[in-house]
Every structure is written in C-alpha cells, then in structure tokens.
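Chain residues, written in single-letter form:
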Amino acid sequence: MSVIQTISAKKLHPALGAEIRGIDLGRPVDAASFKAVNDAWMEHLVLVFPEQHISDEQHVAFTRYFGVPEIFHQDIIRSKRMKEIFRLANVDEDNNLMPAKHITLRQTGLAQMWHTDSSYRPLPCVGSLLHGLEISRTGGQTRFTNMYRVYEALPESLKKKVRGRKARHDFGNLHRLADIKPLTEAEKAAMPPVWQPMVRSHPVTGRISLYISPIYNDQVEGMDDAAAVTLIAELTEFAQQPGFVYSHQWEPNDIVMWDNRCTMHQVTPHDPMERRVMHRTTIEGVDPVTAA
Ligand code: OGA
Ligand code: MN
C-alpha cells in the first residue's frame, strides 16, 4: 500500500507566511510537489516547513530545485565544510561558543536591522532557505515584512519620492554601521556598489513592491546623503508596522524559505550566551531588478 501525502498550506499571518506540511525536503521532489510548493511560495512569500531533519547536503539539494546556490563572497560566515552554506551562528564549526565581540558576530549581528539578502549584487538573489539547527528561546525570532503590501499602502507623498528613483546598495555599508572585519581589496573589487530601482515588479508574479535594503542603502538618486538616510529610515519605519509583519518563533528543524524580491527581514536580539545555530542557503539571482 502506498501512502499519498498531500501538501497543505496553512496561513500564518494575514499579510504573509504559510506553514507547509506533507513534504519531506530530504527526499527527491517530483514535479507536482515542486509546483505546489513554488505556487504556495509565490502566494505567501514566506514558507515554514516544520520538522525537517535534514543534513546540509539535503538542504543544498532541495535548494537546487529553485536555482543555483549562491556562494557567499567572504570566507567568514561561509561554512568551511560546505561552500553553499552561510552560517548565522554564535557557535563555530569546531563547536565553540563565540564571544559576543567576535568579528563574525559583529557582522551577522547586523541582521537585526531590516534588509533583503544580497541586494548588493548586480543580480540580487531570488530567495533564502534558513534551517534552525539550534534555536533561541530568549529572542532570535525572524521577522518578515510583505513589501507588496507596504508599497500599496505607502502614502502618496512617499510613493512620489520612490517611484522612478534608484537607491544604492553597497556591501561596504556594513562597515560604516559596525566595527567589523575590513574588506580586502579583492572583496571590495568583487562587490562594487549597485544602483537598483526602489519600486520594482516581481519577475514571476508581476506584482509591484517597494525594494529597499536598509543595511546596504547609503545613497538615493538625486538626494544628498542625509536626505537619503532619512528617506530610507522613514520607509523602514513604515514597512515594519505589525499589519505587514510575520514574526517566526523557531522550533528546532524548521526550514524557513523567503522570497527576497518582495520581502525584508530582521532577527530579534537574543542572549549571546545561548547557542543559536542557523544554516542558510541562498538561490542565486537570475533576473535584473526591473523598475515598475
Ligand atoms: C538571514 C538572516 C536571520 C536570522 O538568514 O539572511 O538575516 O534569523 N538571518 O538569523
Ligand atoms: Mn538576511
């Protein structure tokens, strides 16, 4: 007798997020299941897959259904064991708890600010899949905001400021925000700043969203630096209203997958003495950001 499992999606918040059951991410995914997951992803923006006891190899293999895994361009954060894995962890790969002042934690700690992943690349990534291996009970929730809804709801005065404008996304801006490991010349040359439209259309859904990434945005076309910073702060404040935000309380072995083209995220602070180990894969970008 064979057991046919059906994939189900349960909404987690009125604005975005759905919990997906009925699929084992550690096994090959057939075309119908892939389509069900992908359709749910485009509809809900953030998918939570509970109870996925998968290895890094299986995590990367599942990611490949959606595209090419992005390799992070710095050797800190990237796993030494598997180059496709990006580690958000206060425990190193030799299992030692890292001191809160550790240079890697000063960098990953910036994920407490709203952003969308790898927006500093000419072709920003499609999405990210984060695996909670050791999760936090003192904080460490990951919060997501629906940037389609944010754009729709923006007051006309703000819409006017962002429509037809580009913002600069610079990986190097992290160094202006925190005292972190200086970039080598090779790292700088690998990631020159890029200018991206602040209002974009989604290449799959065709829907329009605001596109900013506050940790990387340092300049806005036609504005001086102070005005740019003020505008990004104002947009961020608007985007984080509870009506737009799903906050994920992790359980061990959750996989959370989000679309970086139409969401932003941040992590809430947690006790640095509490172990937290999260492994991320990232789906490499294929489409340029198209202005809407
Ligand atoms: C990320 C990120 C949030 C977290 O994985 O891209 O920003 O919960 N992390 O650690
Ligand atoms: Mn991130």
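Everything below is about the structure shown above.
This one's a predicted model, so the numbers in the text were calculated from it and none came from an experiment.

(A) Structural view of the packing of aromatic side chains. Counting across every chain of the model gives 12 aromatic pairs. Ring centres of Y120 and F171 lie 4.8 Å apart, and the angle between their planes is 65°; on these two criteria the pair is classed as edge-to-face. With a gap of 51 residues between them, Y120 in the loop between α3 (103-108) and β5 (127-134) and F171 in the loop between β7 (166-169) and α6 (173-177) connect regions that are remote in the sequence. Y120 gets classed as buried once you look at its relative accessible area, which sits at 3%.

(B) Quick look at the pattern of salt bridges. Using the criterion set out here, one finds 18 salt bridges in the structure. Salt bridges sharing partners connect three or more residues here, namely R168, D170, R176 and D218.

(C) Representation of the site of ligand 1. Residues in close proximity to ligand 1 include L88, A111, H115, D117, L130, T142, W258, H265, V267, R276 and R280, which together make up its full environment. Within the contact set of ligand 1, an oxygen atom lies 2.5 Å away from a side-chain nitrogen or oxygen of T142. At a separation of 2.6 Å, an oxygen atom of ligand 1 approaches a polar side-chain atom of R280. Contact with the protein chains covers 98% of the free accessible surface of ligand 1, which is 290 Å². In terms of residue class, the shell around ligand 1 is built from 5 nonpolar, 3 polar and 3 charged.

Here is what the cut-offs are and how they apply
- Residues numbered from 1 in each chain as written.
- Chains lettered and ligands numbered in written order.
- Predicted model: local features only at pLDDT ≥ 70, side-chain atom pairs only at ≥ 80, totals over all residues.
- Heavy atoms only, no water.
- Phe/Tyr/Trp six-rings, centres within 6.5 Å; stacked < 30°, edge-to-face > 60°.
- Helix = DSSP H or I, 4+ residues; strand = E, 2+ residues; numbered from the N terminus.
- Buried < 20%, exposed > 50% of the residue type's maximum accessible area, 1.4 Å probe, protein only.
- Salt bridge = Lys/Arg side-chain N within 4 Å of Asp/Glu carboxyl O.
- Near = heavy atom within 4 Å.
- Polar contact = N/O pair within 3.5 Å; in protein donor to acceptor, adjacent residues only side chain to side chain.
- Areas by Shrake-Rupley, 256 points an atom, 1.4 Å probe, with all protein chains shown as cover.
- Nonpolar A, V, L, I, M, F, W, Y, C, P; charged D, E, K, R; others polar.

Interpretation note: all reported values are geometric properties and have no functional meaning in isolation.
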